[in-house]
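Observations on the three-dimensional arrangement
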Amino acid sequence: MGKHLVFVGGGHAHLAALLHLDRYVQRGHQVTLISSSAYHYYSGMGPGMLSGIYRPQEVRFHVKKLTQDRGGLFVEDRVVKIDPLNRSLILSTGEQVPYDVVSFNTGSEIPVASLIAGPLENVFPVKPVVNLFQARHSILKALPQNKLKFAIVGGGPAGVEIASNLWRLIAENNGKAQITLIGGKRLLGDFPEKVRTLVLKSFTKRGIEVIEGIYVKRIQKGTVVLSDVKSLAFDFAFIAMGIKPLPIFRDSGLPTGEDGGLLVNSYLQSVAHPGMLGGGDCISLSGRPLAKVGVYAVRQNPILLHNLLAALEGGGMQTFQPQKDYMLIFNMGDGRGILWKKTGYGMAGFLSF
Ligand SMILES: Cc1cc2nc3c(=O)[nH]c(=O)nc-3n(C[C@H](O)[C@H](O)[C@H](O)COP(=O)(O)OP(=O)(O)OC[C@H]3O[C@@H](n4cnc5c(N)ncnc54)[C@H](O)[C@@H]3O)c2cc1C
């Protein structure tokens, strides 16, 4: 008899399984995707969507349509709790969804609660990525009136790409702006000095200011309060601090890694519940916690596609073997990228610009 396979989150690691969802359906299984949005945005192109290099329709997957066209059921909602003993998912509406096999790809969130008490006008966390499209819309509305002040909180790759692409958005729309990035202890502190120098050189040339050695204590309406007692006024602020998996796994009593991600073995399967799998930022790989970058999620696609069928019907599972290194290219918003791989670094022209 067919079983019920539930995907939670239509993120980067689920796309191959969703694309081939009819394979599960044709074998008599019922398939449901529960996701907080009908679209999934590819994060690597998010900063380019902010500046207008890409249009939203070039950056996103219509996961609702992908699911329904292949015979699955789509539910637009958030899973807020998991009851693994009764194999049930609790949604924000209170509805319960039973499952035989479940796969999580719910991503991560910016822990904004330490900085803001609740949503604030013109303050945009960089995840979910759709926020960047909403920010673009609000900025374009405000641009003709004044010289705008932008504050970016976070000195990692996301903060760098946001500052760079804001610069492009302003320049292409003949606006005036002061862009300030508050980089915490040190801009790109985890990267080699050469990468940092290339970014700082590019910023200096374009008048993007960087503040280092100072932390943001909190964000209030129009003001960033800094750890050195000074404050910085803004018209628009972006929060690009480190990301964390959602607390749903820990709150549901499931085994998690240190970061709160669902603890999985090399089959991407919960170490406690064989019918529970997952991929992307929301998992913590036992013995080898991975950086929260989309490249790992993308490479987990074929493993999940195969192992979910094995979890439904029995049979051997495939192991996920993460690559040792990965490459990042920072979209600098001026038609150039800064390419970094652990084995080297350098400037790269962006072919698609
Ligand atoms: C600005 C920016 C740029 C980045 N650029 C790069 C890059 O160039 N290269 C790179 O490798 N990484 C990049 N990253 C990191 C990258 O965002 C993550 O590693 C990647 O998004 C992880 O993919 P994911 O599928 O796990 O999660 P996500 O992409 O966040 O997808 C999660 C999905 O789950 C859904 N969801 C969330 N919560 C629930 C819930 N409770 N119930 C149901 N559904 C839910 C969401 O709607 C979403 O569709 C960037 C990040 C940012 C913020």
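Once a new chain begins, its residue numbering starts again from 1 and follows that chain's sequence as written. For a predicted model such as this one, the threshold for reporting local features is a pLDDT of at least 70, and the threshold for listing and counting side-chain atom pairs is 80 or more; totals across whole chains, interfaces and linings nevertheless cover every residue. The side-chain quantities take in all heavy atoms of the structure and omit both hydrogens and water.

**Let's talk about the nonpolar core**
So the rule is basically this: Among buried residues, those of type Ala, Val, Leu, Ile, Met, Phe, Trp, Tyr and Cys that are joined through side-chain atoms within 4.5 Å constitute a nonpolar core. Each residue gets one of three labels from its accessible area relative to the maximum for its type: buried under 20%, exposed over 50%, partly exposed in between, using a 1.4 Å probe on protein chains only. Per the convention used, a helix needs a DSSP run of H or I reaching at least four residues, while a strand needs a run of E reaching at least two, with both numbered from the N terminus. Each domain's limits were defined by an automated method or a database of domain assignments. Contacts: residue pairs with any heavy atoms within 4.5 Å of one another.
Ranked by internal contacts, the top residues of the largest apolar core, which has 107 residues, are Ile82, Leu89, Phe104, Ile139, Leu166, Phe238 and Phe330. Examining the composition of this core, we find that six residues originate from one element, helix 7 (residues 157-172), more than from any other. Summarising the domain contributions, this core has at least three residues from each of domain 1 (4-108 + 243-313) and domain 2 (112-242). Non-local contacts of Phe104, meaning those with residues more than four positions away in its chain, are made with Val8, His14, Ile82, Leu89, Phe249, Leu262, Met276, Leu277, Gly278, Gly279 and Cys282.

**Overview of helix 7**
Rules: A helix is expected to span 1.5 Å multiplied by its residue count minus one.
The first and last C-alpha atoms of helix 7 sit 23 Å apart over 16 residues, in line with the 22 Å expected at 1.5 Å per residue. Listing the buried residues of helix 7 in full gives Gly159, Val160, Glu161, Ile162, Ala163, Ser164, Asn165, Leu166, Arg168, Leu169 and Ile170. Asn174, located one to two residues past helix 7, shows a positive phi value of around 50°.

**Overview of the sheet that holds strand 6 (residues 79-83)**
We count it as follows: Any two strands between which DSSP finds at least two bridges are classified as paired. Under this scheme, a helix contributes an axis fitted over its contacting stretch, all axes are lines through C-alpha atoms, and angles between N-to-C directions fall in the 0 to 180 degree range.
With antiparallel pairing, three strands are arranged side by side in an open sheet as 6-7-8. Two strands bound the open sheet, and with one partner strand each, they are strand 6 and strand 8 (96-98). Shown here is a sheet whose adjacent strand axes are inclined to one another by a mean of 25°, direction ignored. Pairing geometry for strand 6 and strand 7 (residues 88-91), over four bridges, is antiparallel. Residue Ile82 lies in a different strand from strand 7, and its bridge partner there is Leu89.

**Quick look at the site of the ligand**
Condition: If even one non-hydrogen atom of a residue comes within 4 Å of a molecule or strand, that residue is called near it. For the purposes of these results, a polar contact is taken to be a pair of N or O atoms within 3.5 Å, where, inside protein, one atom must be able to donate a hydrogen and its partner to accept one; residues adjacent in sequence count only when each atom of the pair is a side-chain atom. All residues other than Ala, Val, Leu, Ile, Met, Phe, Trp, Tyr, Cys, Pro, Asp, Glu, Lys and Arg, Gly among them, are scored as polar; the first ten of these are nonpolar and the last four charged.
Around the ligand, the structure places 29 residues, and the nearest of them are His12, Ser36, Ser43, Asp281 and Gly294. In the model, an oxygen atom of the ligand is placed 2.7 Å from a nitrogen or oxygen of the His12 main chain. Between the ligand and Val295 there is a distance of 3.1 Å, counted from an oxygen atom to a backbone nitrogen or oxygen. Elements represented by at least two residues in the shell around the ligand include exactly strand 2 (30-35), helix 7 and helix 10 (294-299). By residue class, the composition of the shell around the ligand is nine nonpolar, 14 polar and six charged. Two domains each provide a minimum of three residues to the shell around the ligand, namely domain 1 (4-108 + 243-313) and domain 2 (112-242).

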